[in-house]
Amino acid sequence: MKEEAMKRIKAWQDEIKAYQLALTTMSYDRLTVAPENGIDYYSEQAAYLSGVLYSIQTDPDIEKTLNELKSEELNAEQKRMIELHLKDFDRLKRIPKDDYVAYQKLCQVSEKKWEEAKIKKDYSIFEPYLLQVIAAQKKFCALRDATKEPYDILLDDYEEGMDQKKYDAFFALIKEKLLPLIHEITLKQDALRTDFLEGSWDIEKQKQMMKVLQKYLNFDPSWGYMGISAHPFTSCFSHNDVRITNAYHENMLLSSIFSLIHETGHAIYEHQIPEAYEGTVLCNVSMGIHESQSRMYENNLGRRMSFWNRNYDELVSLWPDRLKDIDQETFVRAVNSAKPSLIRTEADELTYPVHILIRYEIEKGIFDGSVDCRRLEETWNQKMKEYLGITVPDTSQGILQDVHWSDGSFGYFPTYALGSAYAAQFINAMQKDIDIDTALAYQDMASIQKWQKERIHCYGASIPSLQIIENATGESFNPQYYIEYLYNKYRDLYQIK
Ligand code: ZN
């Protein structure tokens, strides 16, 4: 019985894999090279394939088999796999199919309205759709588990084991420790030189710098590829075919550099997850851990002095006239500069978590009723003023800047800040085993990547993320590492006593 059932599950997983690969390939293609006018035809076919995939994923016979398997003797990985599959079934089956389909359609319209509103800088175009998306999500949460607080259900969807209580404690630290520091730094803006980063930076030369960094980071063309898209992202086709993208801006040298380093952090993770988990739920790693790997590359490694020991010479050789009089230390200090700004995706390492704090407080208020959903734009603007001292000049640079809420992805944002906090704890543990500065200075990413593989990547999703942190660092998640890291780094950098 057990062997027979496992075989059925395997065949079902293989079918899912094939559809997923097709959809991943199509989506990457659309976001990188597809001409604009092909979108409607593409969308129809992609929707059709998604519908077929949905039917496969919710096959009631498979759910029955999975439930029967629970009483069989299984190893830990098999148990976990079945647990994750049943969780997915649970998520989908409590929502009536008609409601689910109607919601998918609503999200498509809502996303289009969001785009239109953003271009026209008019929140009122998007607001009625956002309110419908919120109402649908509230309804779904009640259907899924009426005994739980709705926002807790959503937070757990994006990061297993996290809830409002844990996030409240985390964001309270950010408010208490980082907000005063940000205010002090705002007053000391002339402590660091950043003027030399202004002006235009030839895009062909930026691309040459990408080659240097890809080699340095072991992003190897035998398994990795980089395309171009409006916003950088990583897409995993299989562990030996991981695609990232980058975006080039002539007036921003650092944007493509740190996007590449960030996405490579995601890519190395996907590449190093055990081959045995390929295409199964055991590859669906947590958002928080994923973001910890990319942020660790971008911030904890990429903004270190030792990272630039070799790479800075290469950068100077591309722009000798611009950079020959700027020494490495001045450059590295500049890439670490902090200043309150409007846009989350362009925010520096210190103010970034405050952008997430604002989104977290609003989302929490939406679901517990403490924020008036008809005053979301005002609430947003008030919080930007209160926490970052910034007046939002127009709504496209305010509440309309991110796509996430248009398709109901509530509970997603907090994982971005969580990832940075995980990264600080990982780096602290890594430092005990490896001399990170020596590794970076001698272009030895291999020893860092070996540590990541053995401590983090080897698990895939076979254990929950909070357990991965405990196994890798020897203690449970402790946001204090993150707060201390930022606090010490920025007090030092801006000479604040
Ligand atoms: Zn990322």
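Structural data are supplied above this passage.
Since the model is a prediction, treat every value here as computed from it, not as a measurement. (Residues numbered from 1 in each chain as written. Predicted model: local features only at pLDDT ≥ 70, side-chain atom pairs only at ≥ 80, totals over all residues. Heavy atoms only, no water.)

**Student:** An account of the coordination of the zinc ion is needed here, citing residue identities and associated values.
**Tutor:** Binding of the zinc ion to the protein goes through His 262 (NE2), His 266 (NE2) and Glu 291 (OE), at separations of 2.1 to 2.4 Å. Site description for the zinc ion: donor spacing in sequence, H-x3-H-x24-E. Here Glu 291 lies in helix α11 (residues 287-301) and His 266 lies in helix α10 (residues 253-272), a separation of 25 residues in the sequence. (Donors = N, O, S within 2.8 Å, 3.2 Å for Na, K, Ca; no water. Helix = DSSP H or I, 4+ residues; strand = E, 2+ residues; numbered from the N terminus.)

**Student:** Can you explain helix α7 (residues 150-158)? Please cite residues and give values.
**Tutor:** For α7, the set of buried residues is Tyr 151, Asp 152, Ile 153, Leu 154, Leu 155 and Tyr 158. The inward-facing, buried residues of α7 abut α6 (123-144), α8 (164-186), α11, α15 (352-368) and α17 (413-433). (Buried < 20%, exposed > 50% of the residue type's maximum accessible area, 1.4 Å probe, protein only. Contact = heavy atoms within 4.5 Å.)

**Student:** So, the packing of aromatic side chains: which residues are in play, and what are the values?
**Tutor:** Scanning the entire structure with this criterion turns up 30 aromatic pairs. Residues Tyr 28 and Phe 233 carry aromatic rings whose centres are separated by 5.7 Å and whose planes lie at 70° to one another, so their mutual orientation is edge-to-face. Of this pair, Tyr 28 sits in helix α1 (residues 2-32) while Phe 233 sits in the loop between β1 (224-228) and β2 (234-238), placing them 205 residues apart in sequence. Classification of Tyr 28 as buried rests on a relative accessible area of 5%. Their ring planes at 25° and their centres at 6.3 Å tell us that Phe 170 and Tyr 482 sit as a pair that is stacked. With a gap of 312 residues between them, Phe 170 in helix α8 and Tyr 482 in helix α21 (residues 480-493) connect regions that are remote in the sequence. Overall, the relative accessible area of 1% leaves Phe 170 in the buried class. With a relative accessible area of 2%, Tyr 482 lands in the buried category. One residue, Arg 243, lies across the ring of Tyr 28, its end atom 5.7 Å from the ring centre. (Phe/Tyr/Trp six-rings, centres within 6.5 Å; stacked < 30°, edge-to-face > 60°. Lys NZ or Arg CZ within 6 Å of the ring centre and 35° of its normal.)

**Student:** If you had to explain the pattern of salt bridges to someone new, which residues and values would you point to?
**Tutor:** Across all of its chains, the model carries 31 salt bridges by this definition. Notably, a salt bridge pairs Arg 94 with Asp 90, separated by 3.0 Å at the nearest N-O pair. Taking the relative accessible area as the measure of exposure, Arg 94 reaches 38% and is therefore partly exposed. For Arg 455, the salt bridge is made with Asp 433, and the minimal N-O distance between the two is 2.5 Å. Taken together, the positions of Arg 455 in helix α19 (residues 445-455) and Asp 433 in helix α17 put the pair 22 residues apart, joining distant regions of the chain. Among the residues examined, Asp 433 registers a relative accessible area of 46% and is labelled partly exposed. Several salt bridges share partner residues, and in doing so they unite Arg 80, Glu 83, Lys 87, Asp 156 and Glu 160 into one network. (Salt bridge = Lys/Arg side-chain N within 4 Å of Asp/Glu carboxyl O.)

**Student:** Help me get a handle on the environment of Asp 202, residues and values and all.
**Tutor:** With respect to the helices and strands, Asp 202 occurs in the loop between α8 and α9 (203-216). Separated by 191 residues in the primary sequence, Asp 202 and Pro 393 have C-alpha atoms spaced 30 Å apart. Within polar-contact distance, the side chain of Asp 202 engages the backbone nitrogen of Glu 204 at 3.2 Å. (Polar contact = N/O pair within 3.5 Å; in protein donor to acceptor, adjacent residues only side chain to side chain.)

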